[in-house]
Amino acid sequence: MSGSLDTWIGFLPAVLAAIGVLAVPGFVLGFFLRLRGWWLLAAAAPLSVSLITVASVIAGWTPLRWNILPVLALTAVASVAAWAWMRWVGKPVAPAARRRPAGLRVWAGALAMLAPAALITWVLAHAIGDPTLINQRYDNFFHVNAIQYVLDTGNASPFWVGTMTSPGNLLFYPSGWHAVASLIVQLSGASVALASNALVFVAAALVWPASIVLLTGRLLGSSPLARVAGGVLAAASPAFPYLPLHYGPVYPLFLGLAIAPVAIAAMITVLRPHRAPRRQDAILLVVLLLPGVALAHPSAFLAVLALSVPSVLALALHLWRTRARTRDRALVLSGMIALGVVGIVVLKFVRPPAQEIYWPVTGTLPTAVGEVVTAAVFDYPVAYLLALLALVGAVTALRRPTYLRAVALGMLVIGGALYVIVAGSPFETLRTWLTGPWYNNPPRLASIWVITVVPIAALGAQHLVRLVVRLLTVSRLRRLRGVIPLALGVFAVLLLLGVNSGALRQAQTDLHVAYGNGEGTDGPILSAGEYKLLSELDEYVPEGDVIAGNPWTGTSFAYGISGREVLMPHLLMVETPDAAVINSSFDTEGDSPRMCQALEATGVRYILVFDGGEFMESDHPDFSGLDDLDDSPYARLVASEPGAELYQVTSCGLAN
């Protein structure tokens, strides 16, 4: 880690704020929904995201500025409604569910949370190095700037955030990540960078393990072995939670997938054909969970639907077998046909526009199959232990099938098939139909695959441990009964050592590259001097003044880092006529009437010039008017660092 101890201590308020924002609203609502135990722990964050995102939509329709108050108000209203539901509609919790958990169960739960939290935190801390840094990847121009945009405009609605890059366009953009991060900034006083990183740590190290452990327990039962295995294996694959943090980064999808397992577990409960005394309560829980998943990112919502298909098929098969009458079977068949039609409609109309589905395959069909089998999706090193346990788990599910094991195996098949199709299928029509909703993007499907492999791998770990136990004699088991908690801890440690493989080290390296090597060194987009100047902009640029610059050299990061508005907050955005005049011809026509009109209309008073060149080739608008202002009569140098200069506009009567 390159950051000092004081830097990491200063990071703690943002982390605590992130925990509070993601835990408290959902915990309160979950309590009034009579969720208890692991359900309450795991559902707190997804319910919080639902409350926050829905509150952002409602607040966006009012004059209220975005802050924690709309969230608290909606939490209070939802909690009262939940109490009323449980009072007059819901079913009471069974007495067995109200018993205090046994010590071993509590110990297993603690291991299931602490073990993955420790490993994921270790990987992230060493990868990021310094929590004051930002991820220097393409998509993060939008994400860090959108957080600042929410803070400046007081609006976090998904129908507003997109106006940052498309003024006047109120089309939907999933803004759950930005709404949550902006609350962290407000409650902790942290910078956008600190808040963003705090949300990364909390979602990856706490929210995701709790979610996947819940799903694992729902599929395998709540045995201590299954719970610990599910928790440790949450940290086993580089494809999630690490891949979406450096690829893109696709923060909204990352948040959506981190909470998706809870929604899948609730769907399994709703669709299970056997007796379910609180089915109506589970239906209500699904209704409350899905807005958060969908508004975090629609692709995560589609993942929930896709991974719920095995539960739907299992329900249909059960009804077909238990309903002998022709009329009943006709209803089952009609229902399945109707659902199939709905699925086709969803695949047709929910996927992104054709021009956004352009990602090619990453290899051949056999290569993609090999990546799935060896747990090396998206060309990561083989995760040997995860692959072995998944294989053992799949064989166990086939040899000793149960209803829930069949559902788990079906999820694994769907997750693996989607990845194989997107990464290696030579049939573009098939890719467009089945993986188009995820932009035909292999990394996104690789992350979704992890949700499906963890429960099966946990089943494999559980099966192997039970094989070892059977080798012990009855007398030995009696003598060892008192050290079962210690044995469970050893099991967790051994799993941790096994999953900390070259695959995770590669994920750590990839994320480290995205953040750069720390203060004083160059990153993938910004040089050390450029980053330093951006962090000092608030000392030179008054609030309200706008900064111009070529975004393809990294100047757009100025908004999220310094809080000072920029003319081009993203690489791909609508360039207004006034912005086009400044970008293309300020150096030669800096005092023309048209330029003065553009400067007045946009509020541009400063210009950033970075000498490092553009970080990637692209067919983009002309920014040549901002390239070289060393001897310009229209601007004066006010600050500089190696490779970076800040100029103040002096033409058009704007000089001080």
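What you see as residue numbers is a count from 1 along each chain, following the sequence as written. Local features in a predicted model are, by the rule used here, given only for residues with pLDDT of at least 70; side-chain atom pairs are given and counted only at 80 or more, and totals for whole chains, interfaces and linings are based on all residues. Only heavy atoms go into the side-chain values, all of them from the structure, while hydrogens and water stay out.

**Quick word on a nonpolar patch on the surface**
Right, on to step 1. Taken together, the side chains of Val 24, Phe 27, Val 28, Phe 31, Phe 32, Trp 83, Trp 88 and Val 89 define a hydrophobic patch exposed on the protein surface, amounting to about 790 Å² of accessible area.
Right, on to step 2. We count a stretch as a helix when DSSP gives it H or I for four or more residues in a row; a strand needs E for two or more, and each element gets its number in order from the N terminus. Elements with a minimum of two residues in the nonpolar patch: α1 (5-32) and α3 (68-88).
Right, on to step 3. If one sorts the elements of the nonpolar patch by residue count, α1 sits on top with five residues.
Right, on to step 4. With respect to the helices and strands, the residue Trp 83 is situated in helix α3. Surface patches are drawn from residues lacking salt bridges whose relative accessible area is over 30%; two like charges belong together within 9 Å, two nonpolar side chains (Val, Leu, Ile, Met, Phe, Trp, Tyr) within 5 Å. Per-residue accessibility takes into account occlusion by the displayed protein chains alone, with areas from the Shrake-Rupley method and a 1.4 Å probe. For this document, the term salt bridge refers to a Lys or Arg side-chain nitrogen within 4 Å of an Asp or Glu carboxyl oxygen.

**Some thoughts on the nonpolar core**
Right, on to step 1. Ranked by internal contacts, the top residues of the largest apolar core, which has 221 residues, are Trp 66 and Phe 586.
Right, on to step 2. Among the elements that take part in this core, helix α8 (residues 192-220) stands out by supplying 21 residues, more than any other. The nonpolar core is taken to be a set of buried Ala, Val, Leu, Ile, Met, Phe, Trp, Tyr and Cys residues, with the residues joined through side-chain atoms within 4.5 Å. Three exposure classes are used, based on accessible area relative to the maximum for each residue type with a 1.4 Å probe and protein chains only: buried under 20%, partly exposed in between, and exposed over 50%.

**With respect to the pairing of strand β1 (residues 546-549)**
Consecutive side chains of a regular strand alternate in pointing toward one face of the sheet and then the other.
Right, on to step 1. Taking every second residue as pointing to the same face, both faces of β1 are buried, with Val 546 and Ala 548 on one and Ile 547 and Gly 549 on the other.
Right, on to step 2. Whether two strands pair depends on DSSP finding at least two bridges between them. Strand direction decides the pairing type here: β1 and strand β2 (residues 604-610), joined by four bridges, are parallel. Following the sheet pairing, Val 546 is matched in β2 by Val 604.

**What about helix α6 (residues 140-153)?**
Right, on to step 1. Given a helix with a known number of residues, its expected span is that number minus one, times 1.5 Å. Along its 14 residues, α6 runs 19 Å from first to last C-alpha, staying within 8% of the 20 Å computed at 1.5 Å per residue.
Right, on to step 2. Across the 14 residues of α6, 12 count as buried, placing the element largely inside the fold.
Right, on to step 3. Where α6 is concerned, the buried positions are Asn 140, Phe 141, Phe 142, His 143, Val 144, Asn 145, Ala 146, Ile 147, Gln 148, Tyr 149, Val 150 and Leu 151.
Right, on to step 4. The elements touched by buried residues of α6 are α7 (176-188), α8, α11 (251-271) and α25 (557-562).
Right, on to step 5. Remark: Gly 154 follows α6 within two positions and exhibits a positive phi of approximately 70 degrees. Here, two residues are considered to be in contact whenever any of their heavy atoms come within 4.5 Å of each other.

**Some words on the packing of helix α9 (residues 224-233) against helix α20 (residues 442-471)**
Right, on to step 1. Relative orientation of the contacting elements α9 and α20 amounts to 130 degrees, with a least axis distance of 8 Å. Relative to α20, the element α9 lies oblique. Note on packing geometry: the crossing formed by α9 with α20 is right-handed. The residues of α20 that touch α9, namely those facing Leu 225, Ala 226, Ala 229, Gly 230 and Leu 233, are Val 454, Ala 457, Ala 458, Ala 461, Gln 462, Val 465 and Arg 466.
Right, on to step 2. Three categories are distinguished: nonpolar for Ala, Val, Leu, Ile, Met, Phe, Trp, Tyr, Cys and Pro, charged for Asp, Glu, Lys and Arg, and polar for the others, with Gly belonging to the last. Residue classes in the contact of α9 with α20 are distributed as nine nonpolar, two polar and one charged. Only the stretch in contact is used when fitting a helix axis, every axis being a line fitted to C-alpha atoms; angles between N-to-C directions are given from 0 to 180 degrees. Roughly parallel refers to an angle under 35 degrees, roughly antiparallel to one over 145, roughly perpendicular to one between 65 and 115, and oblique to any angle outside these ranges. For a crossing to be left-handed, the near helix must be turned anticlockwise from the far one by less than a right angle; the clockwise case is right-handed.

**What to know about the pattern of salt bridges**
Right, on to step 1. Per the counting criterion, the structure on display carries five salt bridges.
Right, on to step 2. Lys 532 serves as the salt-bridge partner of Glu 536, at 2.6 Å between the closest nitrogen and oxygen.
Right, on to step 3. The exposure class assigned to Lys 532 is partly exposed, which follows from its relative accessible area of 41%.
Right, on to step 4. Across the pair Arg 594 and Asp 578 runs a salt bridge, and its minimum N-O distance is 2.9 Å. Here the residue Arg 594 occupies a position in helix α27 (residues 593-602), and Asp 578 occupies one in helix α26 (residues 577-589), the gap between them amounting to 16 residues.
Right, on to step 5. Taken together, the shared-partner salt bridges in this structure form one network comprising Lys 532, Glu 536 and Glu 641.

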